[in-house]
Amino acid sequence: MKSVLRVCAVIAAVVSVSACTVRNPVKENSPDTEVLAARYVHDGPTRLTLYTMRSNRNGSGAHTSLMINGSERIAFDPAGSFRKDGAIVAKNDVVYGMTPWMVDQYTRFHARETYHVVVQSLDVSPQVAEMALRKAQSLGPVLESQCAQSTSQILRALPGFEDAPSTLFPVKLEEYFAAKGATYERLFEYDDDDKSKVLAAFTPQYEDEPLKPTN
């Protein structure tokens, strides 16, 4: 009986993070020349920004990702689906060129009729930000349903974050960031749940002002 319950618990854990099960095949990786050309340096503080995608129905966590502002600004999007050949530069699970417009598009991509996005930021030293960036670049591609676990792996390797929970559950990391004193914003949108339509309409030009999520 205990074995059955254990199996059920594992299945429940996998289902709860099923939104981060879209793979990023190596064949879809951007060439190194494009990765270099997409490099974007943001003049804001060195910072870690945790994204948690939550169900609008029951509040459960569906996906975790981490934006890192160090010597360049990138998004670690483990087993994520924010990919489009020729328009979004990504290698393994790192998305490059995170300009204000790209941050806007990335955030809005995840907010739709079934999910909202929680955005939490913590300022860190340049050294910690650079360690996070290098760790993110060394990890991918992440296995399916391991978005929270791999993000935790990055955090636990950083000075001051060694106590980050090793977890499969995105909300656990959200709670951890909150306890660290992170800023807190939420974005709700009610677009169609089919994210492929968002990617089909994606263009790389800067068209809008950067997103300012509201509580």
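Being a predicted model, the structure only gives us computed values, none of them experimental. (Residues numbered from 1 in each chain as written. Predicted model: local features only at pLDDT ≥ 70, side-chain atom pairs only at ≥ 80, totals over all residues. Heavy atoms only, no water.)

Q: Sorry if this is basic, but what is going on with the overall build of the chain here?
A: Along its length, the chain carries seven helices and seven strands. Burial status across the chain gives 48% buried among its 215 residues. Considering only intrachain contacts with a sequence separation of at least 6, the fraction spanning at least 24 residues in the chain is 71%. If you sum the accessible surface of the chain, you get close to 10500 Å²; carbon and sulfur atoms cover 55% of it. (Helix = DSSP H or I, 4+ residues; strand = E, 2+ residues; numbered from the N terminus. Buried < 20%, exposed > 50% of the residue type's maximum accessible area, 1.4 Å probe, protein only. Contact = heavy atoms within 4.5 Å. Areas by Shrake-Rupley, 256 points an atom, 1.4 Å probe, with all protein chains shown as cover.)

Q: Sorry if this is basic, but what is going on with the sheet that holds strand 1 (residues 47-55) here?
A: By definition, the strands of a sheet pair up through backbone hydrogen bonds, in either a parallel or an antiparallel sense. Pairing within the open sheet is antiparallel, and its seven strands lie in the order 4-5-3-2-1-6-7. With partners counted over all chains shown, the strands left at the sheet margins are strand 4 (90-91) and strand 7 (185-187), one partner each. Running at roughly 25° to strand 1, helix 3 (residues 100-110) makes contact with strand 1, strand 2 (61-69), strand 3 (73-76), strand 5 (94-95), strand 6 (115-123) and strand 7 of the sheet. (Pairing = 2+ DSSP bridges. Axes fitted to C-alpha atoms, helices over the stretch in contact; angles between N-to-C directions.)

Q: It is not clear to me how the confidence of the model for the chain should be interpreted in this structure. Could you clarify?
A: Detailed reading of the predicted coordinates is not advisable wherever pLDDT falls low. Confidence along the chain averages 82 in pLDDT terms, with 75% of residues attaining 70 or more. Below pLDDT 50 for its whole length, residues 1-18 participates in ten contacts with residues either more than four positions away or in separate chains. (pLDDT = per-residue confidence, 0-100.)

Q: Help me understand helix 4 (residues 126-139) in this model?
A: Every α-helix winds through 3.6 residues per turn, so residues three or four apart in the chain are directed the same way. If you check helix 4, its first and last C-alpha atoms are 20 Å apart, about what 14 residues at 1.5 Å a residue would give, namely 20 Å. Along helix 4, the residues classified as buried are V128, A129, A132, L133 and A136. All buried residues of helix 4 lie within an arc of 140° about the axis, which places them on one face of the element. Those residues of helix 4 that are exposed and aimed more than 90 degrees away from the buried face are Q127 and S138. Those residues of helix 4 that are buried are in contact with strand 1, strand 2, strand 3, strand 5 and helix 5 (147-156). (Expected span 1.5 Å × (residues − 1). Arc of directions from axis to C-beta.)

Q: Got a minute to help me understand helix 3 in this structure?
A: Of all eleven residues in helix 3, nine are buried, a share of seventy percent or more. Where helix 3 is concerned, the buried positions are W101, M102, V103, D104, Q105, Y106, T107, F109 and H110.

Q: So what exactly am I meant to see when it comes to the pattern of salt bridges here?
A: One side chain can pair with another of opposite charge once the charged atoms of both are near each other. Scanning all chains against the criterion turns up eight salt bridges. Among the salt bridges present, the one from D104 reaches R108, with a minimum N-O distance of 2.6 Å. With a gap of four residues between them, D104 and R108 both fall in helix 3, about one helical turn apart. For E130, the salt bridge identified is with R134, shortest N-O distance 2.7 Å. Within this pair, E130 and its partner R134 are both found in helix 4, separated by four residues, close to a single helical turn. Judged by its relative accessible area of 21%, E130 is partly exposed. On the basis of relative accessibility, which here comes to 45%, the residue R134 falls in the partly exposed class. (Salt bridge = Lys/Arg side-chain N within 4 Å of Asp/Glu carboxyl O.)

Q: When you look at the side chain of E72 in this model, what are you seeing that I'm missing?
A: Among the structural elements, E72 can be located in the loop between strand 2 and strand 3. The side chain of E72 sits in the buried core without any salt bridge; R39 is the nearest counter-charge, 4.0 Å away. The contacts of E72, once residues within four sequence positions are left out, are R39, Y40, V41, Y96, L133 and Q137. (Lys, Arg positive; Asp, Glu negative; His and termini not counted.)

Q: How should the side chain of T52 be read in this particular structure?
A: Within the secondary structure layout, T52 lies in strand 1. Here T52 falls in the buried class, since its relative accessible area comes to 0%.

Q: Please clarify how the nonpolar core should be interpreted in this entry.
A: Core analysis: the largest hydrophobic core is formed by 29 residues, its most contacted members being L48, L66, I68, L155, F161 and F177. Broken down by element, this core gets its largest block of residues, five residues, from helix 4. Apart from residues lying up to four places away in sequence, I68 is in contact with R47, L48, R73, I74, A129, A132, L133 and A136. Counting residues in hydrophobic clusters, the runner-up holds 18 residues, among them A90, M102, F109 and A111. (Core = buried A, V, L, I, M, F, W, Y, C linked by side-chain atoms within 4.5 Å.)

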